[in-house]
Amino acid sequence: MVSTSQQLLQNLLELTRANLNAAESLKNQPIENLNWKQDSKSWSALECIEHLNRYGDFYIPELTTKISTARHKSAEVFKSNWLGKYFSKTVSYSEDLNKMKTFKSMNPLNSKLSIETLEKFIDQQHQIIELLDKAKHVHLDKTKTAISISKLIKLKLGDTFRVLIYHNERHIKQAEKALQLAQ
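These notes cover the structure that comes with them. Keep in mind that what you see is a predicted model, and the values were worked out from it rather than measured.

## Some words on the overall build of the chain
So, step 1. Tallying secondary structure elements over the chain gives six helices and four strands in all.
So, step 2. When its helices and strands are written in sequence order, the chain yields β-α-α-α-β-α-α-β-β-α.
So, step 3. In summary, the chain has a C-alpha radius of gyration of 16 Å against a globular reference of 16 Å for 183 residues, a match within 12%.
So, step 4. Principal-axis analysis of the C-alpha atoms gives the chain an extent of 50 × 30 × 25 Å.
So, step 5. Counting only contacts in the chain whose residues sit at least 6 apart along the sequence, the fraction spanning at least 24 positions is 87%.
So, step 6. Of the roughly 9900 Å² that the chain leaves accessible, carbon and sulfur atoms contribute 52%.
So, step 7. Each charge class in the chain can be summarised by its mean position, and for the 27 positive and 20 negative side chains these summaries are 9 Å apart.

## Some points on the packing of aromatic side chains
So, step 1. Within this structure, the stated rule accounts for two aromatic pairs.
So, step 2. On the basis of an interplanar angle of 90° and a centroid distance of 4.9 Å, the ring pair of F58 and Y59 is categorised as edge-to-face. Neither F58 nor Y59 differs from the other in exposure class; each is buried.
So, step 3. Judged by centre distance (5.4 Å) and plane angle (65°), the rings of Y86 and F87 are edge-to-face.

## Overview of the pattern of salt bridges
So, step 1. Taken as a whole, this structure holds seven salt bridges when the rule is applied.
So, step 2. With a shortest N-O distance of 3.9 Å, E24 and K27 are connected by a salt bridge.
So, step 3. Of the charged contacts, one joins D133 and K136 as a salt bridge, the two residues approaching to 3.1 Å between their closest N and O atoms.
So, step 4. Looking at K136, the relative accessible area reads 47%, which means it is partly exposed.

## Some remarks on the nonpolar core
So, step 1. Membership of the largest hydrophobic core comes to 31 residues, with the highest contact counts inside it found for L132, L157 and F161.
So, step 2. Those elements that place two or more of their residues in this core are α1 (5-26), α3 (45-68), α4 (82-91), α5 (115-134), β3 (144-147) and α6 (157-182).
So, step 3. Aside from chain neighbours lying at most four places away, what touches F161 is L12, L63, I67, L131, L132 and A135.
So, step 4. The next biggest cluster of nonpolar side chains, apart from the first, holds 18 residues, and it includes C48, L118, F121 and I172.

## Focus: the layout of surface pockets
So, step 1. Here the second largest pocket defines a volume of roughly 250 Å³.
So, step 2. S5, Q6, L9, Q10 and K136 are the residues nearest the centre of the second largest pocket, which is lined by 17 residues in total.
So, step 3. Of all the elements in the fold, those that place two or more residues in the lining of the second largest pocket are α1 and α5.
So, step 4. At six residues, the largest contribution of residues to the lining of the second largest pocket is made by α1.

## Side note on the environment of W36
So, step 1. Within the fold, W36 resides in the loop between α2 (31-35) and α3.
So, step 2. Placed 75 residues apart in sequence, W36 and S111 show a C-alpha to C-alpha distance of 12 Å.
So, step 3. Once residues within four sequence positions are removed from consideration, W36 is found in contact with S44, A45, A178, L181 and A182.

## Describing the environment of A70
So, step 1. Tracing the backbone through its elements, the reader meets A70 in the loop between α3 and β2 (77-79).
So, step 2. In this structure, the C-alpha to C-alpha distance between A70 and K154, residues 84 residues apart in sequence, is 14 Å.
So, step 3. Among all residues touching A70, those that are not within four sequence positions of it are V138 and T143.

Cut-offs used in this document
Residues numbered from 1 in each chain as written. Predicted model: local features only at pLDDT ≥ 70, side-chain atom pairs only at ≥ 80, totals over all residues. Heavy atoms only, no water. Helix = DSSP H or I, 4+ residues; strand = E, 2+ residues; numbered from the N terminus. Rg over C-alpha atoms; globule rule 2.2 N^0.38 Å. Contact = heavy atoms within 4.5 Å. Areas by Shrake-Rupley, 256 points an atom, 1.4 Å probe, with all protein chains shown as cover. Lys, Arg positive; Asp, Glu negative; His and termini not counted. Charge placed at Lys NZ, Arg CZ, Asp CG, Glu CD. Phe/Tyr/Trp six-rings, centres within 6.5 Å; stacked < 30°, edge-to-face > 60°. Buried < 20%, exposed > 50% of the residue type's maximum accessible area, 1.4 Å probe, protein only. Salt bridge = Lys/Arg side-chain N within 4 Å of Asp/Glu carboxyl O. Core = buried A, V, L, I, M, F, W, Y, C linked by side-chain atoms within 4.5 Å. 1 Å grid on protein atoms, 1.4 Å probe; cavity = no way out; pocket = protein on both sides within 12 Å on 5 of 7 lines; lining within 4 Å. Points joined across faces, edges and corners; volume = space filled by probe spheres on them.

Right, dumping it as structure tokens:
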């Protein structure tokens, strides 16, 4: 994937705003519906959001540090590599959502959750919007970040944003589907 850095950041900003708006609308739902589950192995809407919060707890500090300490100034073009494309595609939303196993530490199954789960996610989306703005001044290819599954694997900053935000979209859609089933 090759695009201008500005266009990538703009697209990711729009997607983050859509995720934020979706989370805001979830706040209007009864807590019973937000915690409703189709079966014992499926996630409720709030469990989907809690899963995202756990990833946000890793990625937001990682992105903040890497952006604030970046040595390379922005470049006009962003070019994803094979690893970034792979991870982005794996976590992206699609209508025929493929089920994936998640790490135990990231699995919120049977967590006791409240509206604070949504409030935390909303706060994280505001932080991501700020980070996307700051990233305009940083080289999205040359600045590298660790990923949640291994600090040894590094992704380009642009790809890390893609993975985080596409993953958010995936589970926001999953939460919305769980909520539809609850009603």
